[in-house]
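# Report on the structure
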Amino acid sequence: QVQLAESGGGLVQAGGSLRLSCVASGIIRTINVVCWYRQAPWKQRELVAADTSGRDTDYADFVKGRFTISRDNAKNTVYLQMNSLQPEDTAVYYCNAQITVNYGMTRDYWGQGTQVTVSS
């Protein structure tokens, strides 16, 4: 059984920074593609950043130059460094990872999300 657990969210002032973490636990063979999504009230869930097995990264236009996705495979952890936060960044941020378990099956897993609130 694989579980993802996000942490690092909270309340910050505009212009501040947060570092989100997502730890994967379970019998894991390989963590492949990792992503961060976010969803604000009354809005669709949107992709924020993606890391394709450490070979390439991609960012939504609204976070380019401000957010950075990274991973530590030894710790089964993915990070999202968020700088220059603005009120429009307020949302629940979700970790998503494509994971291959010990017996070979590969699927996407989701965390429960962590709330990020940016005040003006």
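Scroll up to find the structure this text is about.
The sections below set out a description of the structure shown in this document. Quick caveat, the model's predicted, so the values are computed rather than measured.

Rules and cut-offs
Residues numbered from 1 in each chain as written. Predicted model: local features only at pLDDT ≥ 70, side-chain atom pairs only at ≥ 80, totals over all residues. Heavy atoms only, no water. Pairing = 2+ DSSP bridges. Helix = DSSP H or I, 4+ residues; strand = E, 2+ residues; numbered from the N terminus. Axes fitted to C-alpha atoms, helices over the stretch in contact; angles between N-to-C directions. Core = buried A, V, L, I, M, F, W, Y, C linked by side-chain atoms within 4.5 Å. Buried < 20%, exposed > 50% of the residue type's maximum accessible area, 1.4 Å probe, protein only. Contact = heavy atoms within 4.5 Å. Polar contact = N/O pair within 3.5 Å; in protein donor to acceptor, adjacent residues only side chain to side chain. Disulfide = S-S within 2.5 Å.

## A look at the sheet that holds strand β7 (residues 67-72)
Overall, antiparallel pairing links the four strands, which are arranged β1-β3-β8-β7 in an open sheet. The open sheet terminates on both sides in strands that have one partner only, identified here as β1 (3-7) and β7. For this sheet, the mean angle separating the axes of adjacent strands, direction not counted, is 15°. Note that β1 and strand β3 (residues 18-25) share five bridges and pair antiparallel. Counterpart to Leu4 in the pairing with β3 is Ala24.

## What to know about the nonpolar core
Across soluble globular proteins, nonpolar side chains show a tendency to be buried alongside one another. Residues Trp36, Leu80, Met82, Tyr93 and Ile99 are the most contacted members of the largest nonpolar core, which totals 32 residues. Of all the secondary structure elements, the ones that give two or more residues to this core are β3, β4 (28-39), β5 (46-52), β7, β8 (77-82), β9 (91-101) and β11 (114-119). Excluding residues that lie within four positions of it along the chain, Tyr93 makes contacts with Glu6, Leu20, Trp36, Tyr37, Arg38, Val48, Phe67, Leu80, Met82, Gly113, Thr114 and Val116.

## Section: the environment of Gly8
In this fold, Gly8 is placed in the loop between β1 and β2 (10-13). Among the residues examined, Gly8 registers a relative accessible area of 33% and is labelled partly exposed. Gly8 sits 14 residues away from Cys22 along the chain, and the two C-alpha atoms are 8.9 Å apart. Aside from chain neighbours lying at most four places away, what touches Gly8 is Leu18, Arg19, Leu20 and Thr114.

## Considerations on the pairing of β9
Buried residues dominate β9, accounting for nine of its 11 residues. In this sheet, β9 lies alongside β4 in antiparallel orientation, the contact comprising nine bridges. Looking across to β9, one finds that Arg38 is bridged to Tyr93. Taken together, the five bridges between β9 and strand β10 (residues 106-110) define a ladder with antiparallel strand orientation. Of the residues in β10, the one forming a bridge with Ala97 is Tyr109.

## Regarding the environment of Asn32
Tracing the chain through its elements places Asn32 in strand β4. In this structure the C-alpha to C-alpha distance between Asn32 and Val118, which are 86 residues apart in sequence, comes to 31 Å. In this structure, Asn32 is in contact with Asp51, Ser53, Arg71, Gln98, Ile99, Thr100 and Thr106, ignoring residues within four places of it in sequence. Engagement of the side chain of Asn32 in a polar contact is seen with the side chain of Thr100, the distance being 3.3 Å.

## Quick notes on the state of the cysteines
A full pass over the atoms with the stated rule returns one disulfide. Through a disulfide, Cys22 is tied to Cys95; the S-S separation comes to 2.1 Å. Here the S-S torsion is close to -85°, and the disulfide linking Cys22 with Cys95 is therefore left-handed. Taken together, the residues span a long stretch of sequence, with Cys22 in strand β3 and Cys95 in strand β9 at a distance of 73 residues. Taking the relative accessible area as the measure of exposure, Cys22 reaches 1% and is therefore buried. The thiol sulfur of Cys35 is not disulfide-bonded, and the nearest other cysteine sulfur, from Cys95, lies at 8.7 Å.

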